[in-house]
Amino acid sequence: MPSPEGHSRTNGVGLNYLKCLAAFRGPRTRPAAQHLWQIPRLSLRVKDLSNPGVATFFKNIKPYDDMRAAVLRVLQCLYLVETQPRNIASVTLILRDFDGVAHTHGSAANDADKEIHFSTRHIQGSEARARHEILGVLTHEMVHCFQYNAKGTCPGGFVEGIADFVRLRASLNPPHWKRSLPSNSDNWDAGYERTAFFLDWVEQQFGAGVVRALNEGMRNTKYDNGRVWRDVTGQSVEHLWSAYKMSF
């Protein structure tokens with residue numbers, strides 16, 4: 001376990017880390033009952049029922065049950081019951097044909113009404129492992145409905161890395177993801193699985209709740225790279241990234 005730069009884990013910055021992490025971990029009790037989590041209204045919109053990707057979706061997915069499970073997966077990974085966001089009114093999953101995989105945003109009328117646009121082309125292209133891939137993508141995009149982003153100032157790679165971290169922790173990662181030594185040109189916020197594996201390593205070093213605390217630290221303030229990471233871990237992200245690369 002890395003020790004804070006120039007500090008022991010029992011004084012100075014290290015003590016702030018311990019207090020912060022304890023607060024975000026919450027009491028050591030059993031996981032909260034599912035009824036304590038606030039589930040927004042969930043709906044599905046299909047652009048073309050004749051699309052083969054739509055048929056693959058319905059063959060492998062129970063829309064309400066699997067969307068609800070994705071919401072719970074995200075909330076239980078990034079929040080405590082008492083800190084969960086309560087401003088998301090609805091999430092609509094929209095299946096339509098387009099290049100790419102998926103993207104998420106607020107509706108044109110209200111940002112509290114989230115829309116996940118999922119490519120039926122991608123679904124059909126993943127037919128051999130459709131359920132696992134659909135649930136993985138759905139979990140990633142559901143993170144974007146609920147996560148904090150420092151009022152829009154968080155680095156995009158960090159935002160995407162947290163989403164893939166939740167997917168990774170749910171064991172819904174695709175087979176091509178591999179934890180490998182970053183190149184000299186890679187940075188911690190390269191995004192997606194590269195950042196997800198780094199965040200997973202950080203949690204292994206400091207214990208469960210670190211990513212939850214990082215997310216919470218971006219709730220009501222603009223992004224400050226030094227403050228967010230030092231408040232939670234007692235170390236700079238640059239130091240942690242160096243230690244991560246040395247772990248290979």
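How each quantity is defined
Residues numbered from 1 in each chain as written. Predicted model: local features only at pLDDT ≥ 70, side-chain atom pairs only at ≥ 80, totals over all residues. Heavy atoms only, no water. 1 Å grid on protein atoms, 1.4 Å probe; cavity = no way out; pocket = protein on both sides within 12 Å on 5 of 7 lines; lining within 4 Å. Points joined across faces, edges and corners; volume = space filled by probe spheres on them. Helix = DSSP H or I, 4+ residues; strand = E, 2+ residues; numbered from the N terminus. Axes fitted to C-alpha atoms, helices over the stretch in contact; angles between N-to-C directions. Parallel < 35°, antiparallel > 145°, perpendicular 65-115°, else oblique. Left-handed = near helix turned anticlockwise from the far one by under 90°. Contact = heavy atoms within 4.5 Å. Nonpolar A, V, L, I, M, F, W, Y, C, P; charged D, E, K, R; others polar. Pairing = 2+ DSSP bridges.

(A) View of the layout of surface pockets. In this structure, the largest pocket occupies an estimated 680 Å³ of space. Together, 34 residues line the largest pocket, and Thr 104, His 140, Glu 141, His 144 and Gln 147 are the ones closest to its centre. Of all the secondary-structure elements, those providing two or more residues to the lining of the largest pocket are strand 3 (102–106), helix 5 (130–146), helix 6 (156–169) and helix 7 (192–206). Among the elements that make up the lining of the largest pocket, the one with the highest residue count is helix 5 (seven residues).

(B) View of the packing of helix 5 against helix 6. Running from N to C, helix 5 and helix 6 cross one another at 135°; their axes reach a closest spacing of 8 Å. Between helix 5 and helix 6, the angle falls in the class oblique. Of the two elements, helix 5 crosses helix 6, and the hand of that crossing is right-handed. Contacts between helix 5 and helix 6 pair Glu 133, Gly 136, Val 137, Thr 139, His 140, Val 143 and His 144 from the former with Val 159, Glu 160, Ile 162, Ala 163, Asp 164, Val 166 and Arg 167 from the latter. Of the residues belonging to the contact of helix 5 with helix 6, the class tally is six nonpolar, four polar and four charged.

(C) Expanded view of the sheet that holds strand 1 (residues 41–46). Ordered by their spatial adjacency, four strands build an open sheet running 1-2-4-3, and the pairing between neighbours is mixed. Edge positions in the open sheet fall to strand 1 and strand 3, since each of these has one partner strand only. Each adjacent strand pair in this sheet contributes to an overall mean axis angle of 20°, direction not counted. One ladder, built from six bridges, connects strand 1 with strand 2 (residues 90–96); its direction is parallel. Across the sheet, the residue bridging to Val 46 is Leu 95, located in strand 2. Each of strand 1 and strand 2 is contacted by helix 2 (residues 52–60), which is oriented at about 145° to strand 1, the strand it contacts most.

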